[in-house]
Amino acid sequence: MIAETISPQELQSIGNLQSLHAFSQRVFQPEPGERLVFGEGPEHARLLLLGEAPGEKEAETGRPFVGNSGRLLNKYLENADIAREEAYLTNVIKVRPPGNRKPKMAEVKEAAPILLRQIELIHPAIIVCLGSIAVHAIVDPKAKITEIRGTWLEKDGIRIMPTYHPSAVFRDENKRELLKQDLFSVATMLNKLG
Ligand code: URA
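I will try to describe carefully the structure that is included in this document.

Definitions and cut-offs
Residues numbered from 1 in each chain as written. Predicted model: local features only at pLDDT ≥ 70, side-chain atom pairs only at ≥ 80, totals over all residues. Heavy atoms only, no water. Near = heavy atom within 4 Å. Polar contact = N/O pair within 3.5 Å; in protein donor to acceptor, adjacent residues only side chain to side chain. Areas by Shrake-Rupley, 256 points an atom, 1.4 Å probe, with all protein chains shown as cover. 1 Å grid on protein atoms, 1.4 Å probe; cavity = no way out; pocket = protein on both sides within 12 Å on 5 of 7 lines; lining within 4 Å. Sits in = over half its atoms within 2 Å of the grid points. Nonpolar A, V, L, I, M, F, W, Y, C, P; charged D, E, K, R; others polar. Points joined across faces, edges and corners; volume = space filled by probe spheres on them. Helix = DSSP H or I, 4+ residues; strand = E, 2+ residues; numbered from the N terminus. Pairing = 2+ DSSP bridges. Axes fitted to C-alpha atoms, helices over the stretch in contact; angles between N-to-C directions. Contact = heavy atoms within 4.5 Å. Buried < 20%, exposed > 50% of the residue type's maximum accessible area, 1.4 Å probe, protein only. Arc of directions from axis to C-beta.

### Quick notes on the site of the ligand
Around the ligand sit G51, E52, A53, E58, P64, F65, N91 and H165, and those are all the residues in its vicinity. At 2.7 Å, a backbone N or O of E52 approaches an oxygen atom of the ligand. For the ligand, the accessible surface in isolation is 240 Å², of which the surrounding protein chains cover 92%. Judged by the proximity of its atoms to the pocket grid, the ligand belongs to the largest pocket. Looking at the shell around the ligand residue by residue, the class counts come to three nonpolar, three polar and two charged.

Below is the structure:
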């Protein structure tokens, strides 16, 4: 999925999201006929929603969370009164893993520097980690989502809310309620931070 090694110096010299997008297009290699999904939303959004990797619909359109998971996410965001268009949405991995498989830890580690630079450039007040891959990429590679979800964490001045990925709640009523609850907590924090 990654075509060339990422030079930390070059990455650090990238000063805006457009250039980082172009850089990502050079280093990530989508499957033939598919697109890179870099992310979308306001350049300095206060809220960043971080998923795992694009699915089929996302790789077809080049946009994050536009398939089934995205529809579910939209519903829960609306429920919590969080405006999707005011948030920045992206994934740890910027291209669809072949066959929609879960990204490997080595791939997460490889992709993390681009994500971390993307986060630095956006500088959100809050990040919502949707699922374990997002947590592993920016919080702790060993963290268990079932243990830390719903608890506010803080890293480099950014509040982080780990919660379930929308695809994990499809058939699980309990998880669905917890995801809803966590997004309410995010809405409250957004209001509190002003
Ligand atoms: N699942 C994700 O984690 N991200 C997307 O963009 C779509 C589905």
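### Points about the layout of surface pockets
When its volume is computed, the largest pocket comes out at roughly 390 Å³. A53, P54, G55, S69 and N100 are the residues nearest the centre of the largest pocket, which is lined by 18 residues in total. Those elements that provide at least two residues to the lining of the largest pocket are α3 (56-61) and α4 (68-79). The dominant element in the lining of the largest pocket, judged by the number of residues it contributes, is α3, at three residues. Residue composition of the lining of the largest pocket, grouped by class: five nonpolar, eight polar and five charged.

### Quick notes on the sheet that holds strand β1 (residues 47-51)
The strand order across the open sheet built from five strands is β2-β1-β3-β5-β4, with neighbouring strands paired in mixed fashion. Each edge of the open sheet is held by one strand with a lone partner, namely β2 (87-91) and β4 (153-155). Ignoring strand direction, the axes of neighbouring strands in this sheet form an average angle of 25°. Examined bridge by bridge, strand β3 (residues 126-130) and strand β5 (residues 158-163) share five bridges and lie parallel to one another. Following the sheet pairing, V128 is matched in β5 by M161. Contacts from helix α8 (residues 173-193) reach β1, β3 and β5 within the one sheet, and its direction differs from that of β5 by about 165°.

### A short note on the pairing of β3
With respect to burial, β3 is a largely interior element, five of its five residues being buried. Going residue by residue along β3, you find I126, V128 and L130 tucked away on one face and I127 and C129 tucked away on the opposite face as well.

### What about helix α2 (residues 17-27)?
Every buried residue of α2 is listed here: L17, L20, F23, S24 and V27. For α2, the arc enclosing every buried residue in end-on projection is 115°, short of the 170-degree limit, so these residues lie on one face. Residues Q18 and Q25 are exposed on α2 and point more than 90 degrees away from its buried face. On its buried face, α2 sits against α1 (8-13), β2 and α5 (105-122). At the N-terminal end of α2, a side-chain oxygen is found 3.2 Å from the backbone nitrogen of Q18, two or three residues along, and the residue is N16.

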